[in-house]
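Structural description and commentary
For reference, the chains in residue letters:
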Amino acid sequence: MENKKTQVKILVCCGIKGHIKSFIDYVEALYAKKGMFDYVFCIGDFFGDDESCEKEWEEFKKSGKNISVPIYTLGPNKKQHEKYFKNLKDQQLAPNIYYLGKDGIFTTSDGLKIGYISGVQNNSSKENEIHTFNYDSLSQFKDSCIRAGSTSLDVLLTSPWPLDIRNKERIQENINVKEPTEKESESQLLSWAAINLTPRYHFAGLQKVFYQRSPYKNVNSKTITRFIGLGDYHDNKTKKQKWLYGFVLSLAESTTSNTLNYTVTESPFADNISQYTANMLPVSKQYFYNTSTNSNYRNNEQSKKRKFDGQLKQSIDISADSCWFCLSSKKIAKHLIVSIGNQVYLSGTKGPLVKEHILVAPIEHYKSLAEVPPETENEINLIKSSLNQYFESTDRVAVYFERNILSAHFQLQVVPVPIRMADRLENMFKAKFKEYDLSLVDIPPAASLRQIAGNSEGHYFCTELPNGKRLFHSASKKSGHQQKFPIHIAREVLASPRLLNVESRIDWRKCEQSLDEEEDDVKMFRNAFEPFNPIKD
């Protein structure tokens, strides 16, 4: 397997306000001069307000212009820009240009945690729109970060500046940075978020002025934060405010108060953190966005059912009492259960491919990973992280797959394979799907499985490989492919002679074990996994 990089080159740009052609030309010229960046992010207003900008965008999409490095942008800050971010396929605005999402954490293949919050502060009692955030949504985001173990970010991306960021500045030229000219360009809630998430770098882009603040200490963390506000976009033909910032981030770097110098200040924020959330009324019935999948989840029963209406041929509707995987059901094989968490449980499997082939399933009756609420998905991610650590300690890696086709209850299958075989997996999965004349596409790193699954009318197959890639097959009627889906296709891949070499175990029904064998295997795995298990019974 490839080793992770120790340093990552990142380019952060302000909102380009619809000037997509000049922006792409400029960054491509920058690549030629400075070398490629690993990640490019845009903050602020990506789209413009006038018709010429809209026309330029449509012409650009039709041009087939090649973009060397994927560009990830925050969402809209104005209602009139929301139209560009609706009904996206795979979070893609244009080829190689992606919408990050409302809020969440973009975890790179190198292990960087890049948090993002789109939009401007909602100061009304109305529900959030695509271009706004409020206390409820940011509180949900913060809680999700805590449950996922991401309380300290490498980078935080926002459009408005956090309120009070200029306080306690030490560098004279920075003290004279102009005050905000627009109310939306600052946010007290982003101050609250910055205090809680303690990023190493925080970029913002609505102030229209370049401001590289003196690094500051955090009250509740040893992390030192560097705040950079980016200037207004321009064509670089005249000297104006700096609108982009390139830097190299060391993954091993420890930016703490132990490495202080005279320019480091105390926290610019008020000691009484509650003043940043004062008068922020809670709002019910709003959209929340999961930090692992950048996904849009509405917490009501109607939306849960909507994706599965009219799909009787590919879904199985049974009650929780009759379900083999609901903990409340009399049919569940309780002797296979390894441990039970707050939202999900870990279990052995019937007819395992190999020893320690296990599954993760929600306690409540949900049909797919794309349907579970944020707190359930966060616990699943926590378990996955622990499983990865366990298998890596035994020179193996985990392959995860879900088949939400002819399935009544979501199960995430987990199959360990020798680490030396990990590089074969992607090509072998794609070859097997091609053999069946089925599509299997890469999910972009920042894309939401929930949104992609919604475009598939809820029915799909998805696998996550040790290299971090997710491969997706849509089984929707819209795809125009009506052939029967081979339900053992993932087992076919993994059981092949080039991988686990257990082709006789492709059909789980042909390799069921006795009750004693199942109990022994579960006990053995439970004991081995115990030091890594985040679920403490």
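What you see is a predicted model, and the numbers here were worked out from it, not measured in a lab.

Okay, the overall build of the protein chain next. Scanning the protein chain from N- to C-terminus turns up 11 helices and 27 strands. Put simply, of all contacts in the protein chain between residues at least 6 apart along the chain, 73% involve residues at least 24 apart. As displayed, the protein chain offers around 24600 Å² of accessible surface, 48% of which is attributable to carbon and sulfur atoms.

With that settled, the discussion passes to the packing of helix 7 (residues 374-392) against helix 11 (residues 515-529). Contact pair helix 7 / helix 11: the axes reach a minimum separation of 11 Å and the direction vectors enclose 95°. It follows from the interaxial angle that helix 7 and helix 11 lie roughly perpendicular. Of the residues in helix 11, those in contact with Ser386, Leu387 and Tyr390 of helix 7 are Phe525, Ala528 and Phe529.

Okay, helix 5 (residues 188-197) next. By the criterion of burial, helix 5 is predominantly enclosed, with 8 of the 10 residues buried. Turning to helix 5, its buried residues number three or more, namely Leu189, Leu190, Ser191, Trp192, Ala193, Ala194, Ile195 and Leu197. By the N-cap criterion, in which a side-chain oxygen at the helix start approaches the backbone nitrogen of a residue two or three places on, helix 5 is capped by Ser187, the distance to Leu189 being 3.2 Å. Phi turns positive, to about 35°, at Thr198, one or two residues after helix 5.

This part covers a negative patch on the surface. On the surface, Asp516, Glu517, Glu519 and Asp520 cluster together into a patch of negative charge. For Glu517, the position within the fold is in helix 11.

Positionally, Thr73 belongs in strand 3 (residues 71-73). The sequence separation of Thr73 and Cys14 amounts to 59 residues, and the corresponding C-alpha distance is 9.7 Å. Ignoring anything within four residues of it in the chain, the contact list for Thr73 reads Cys42, Phe46, Phe85, Leu93, Tyr98, Tyr99 and Leu100.

Turning next to the environment of Phe141. With respect to the helices, strands and loops of the structure, Phe141 is situated in helix 3 (residues 135-147). A relative accessible area of 1% means that Phe141 is categorised as buried.

All told, the structure shown has 38 aromatic pairs when counted by the stated rule. On the basis of an interplanar angle of 50° and a centroid distance of 5.2 Å, the ring pair of Tyr390 and Phe391 is categorised as tilted. What makes Tyr390 buried here is its relative accessible area of 5%. Members of the aromatic cluster, connected to one another through ring pairs, are Phe46, Phe47, Trp57, Phe60, Tyr84, Phe85 and Tyr99. We note Lys9 situated over the ring of Phe37; from NZ or CZ to the ring centre the distance is 4.8 Å. Sitting above the plane of the Tyr400 ring, Lys384 keeps its charged end 5.1 Å from the centroid.

Moving on, we come to unusual backbone geometry. The phi torsion at Lys17 lies on the positive side, around 55°, for a residue other than glycine. Relative to the assigned elements, Lys17 resides in the loop between strand 1 (7-13) and helix 1 (20-34). The phi torsion at Asn501 lies on the positive side, around 55°, for a residue other than glycine. Note that Asn501 resides in the loop between helix 10 (489-495) and helix 11.

The next thing to look at is the pattern of salt bridges. Close approach of charged atoms allows side chains of opposite charge to pair. A complete count under the given rule lists 23 salt bridges for this structure. A salt bridge links Glu186 to Arg166, with the nearest nitrogen and oxygen atoms 2.9 Å apart. With a gap of 20 residues between them, Glu186 in strand 12 (residues 186-187) and Arg166 in the loop between strand 11 (161-162) and helix 4 (172-175) connect regions that are remote in the sequence. Between Asp442 and Lys469 there is a salt bridge; the shortest N-O distance is 3.4 Å. With Asp442 in strand 25 (residues 441-442) and Lys469 in the loop between strand 26 (460-464) and strand 27 (470-474), this pair connects stretches of sequence that are 27 residues apart. A residue is classified by how much of its surface remains accessible, and Lys469, at 33% relative accessible area, is partly exposed. One continuous salt-bridge network, built from bridges that share partners, spans Glu426, Lys430, Asp442 and Lys469.

The subject of this paragraph is the pairing of strand 16 (residues 221-231). Of all 11 residues in strand 16, 8 are buried, a share of seventy percent or more. Across 5 bridges, the pairing between strand 13 (residues 201-208) and strand 16 is parallel. Counted as the bridge partner of Ala204 is Gly229 from strand 16. Two strands pair when backbone bridges link them, and strand 14 (residues 211-212) and strand 16 are joined in this way by 2 bridges, in the antiparallel orientation.

Parts of the model with low pLDDT should not have their predicted coordinates read in detail. In this model, the protein chain carries a mean pLDDT of 82, and residues with pLDDT of at least 70 account for 80%. Note that residues 283-316 has pLDDT below 50 and, in this model, 95 contacts with residues that lie over four places away or in other chains. Below a pLDDT of 50 lies the segment residues 478-482, which in the model reaches 8 contacts outside its immediate sequence neighbourhood of four places, other chains included.

The rules behind these values
Residues numbered from 1 in each chain as written. Predicted model: local features only at pLDDT ≥ 70, side-chain atom pairs only at ≥ 80, totals over all residues. Heavy atoms only, no water. Helix = DSSP H or I, 4+ residues; strand = E, 2+ residues; numbered from the N terminus. Contact = heavy atoms within 4.5 Å. Areas by Shrake-Rupley, 256 points an atom, 1.4 Å probe, with all protein chains shown as cover. Axes fitted to C-alpha atoms, helices over the stretch in contact; angles between N-to-C directions. Parallel < 35°, antiparallel > 145°, perpendicular 65-115°, else oblique. Buried < 20%, exposed > 50% of the residue type's maximum accessible area, 1.4 Å probe, protein only. Polar contact = N/O pair within 3.5 Å; in protein donor to acceptor, adjacent residues only side chain to side chain. Patch = residues over 30% accessible without salt bridge, like charges linked within 9 Å, V, L, I, M, F, W, Y side chains within 5 Å. Salt bridge = Lys/Arg side-chain N within 4 Å of Asp/Glu carboxyl O. Lys, Arg positive; Asp, Glu negative; His and termini not counted. Charge placed at Lys NZ, Arg CZ, Asp CG, Glu CD. Phe/Tyr/Trp six-rings, centres within 6.5 Å; stacked < 30°, edge-to-face > 60°. Lys NZ or Arg CZ within 6 Å of the ring centre and 35° of its normal. Pairing = 2+ DSSP bridges. pLDDT = per-residue confidence, 0-100.

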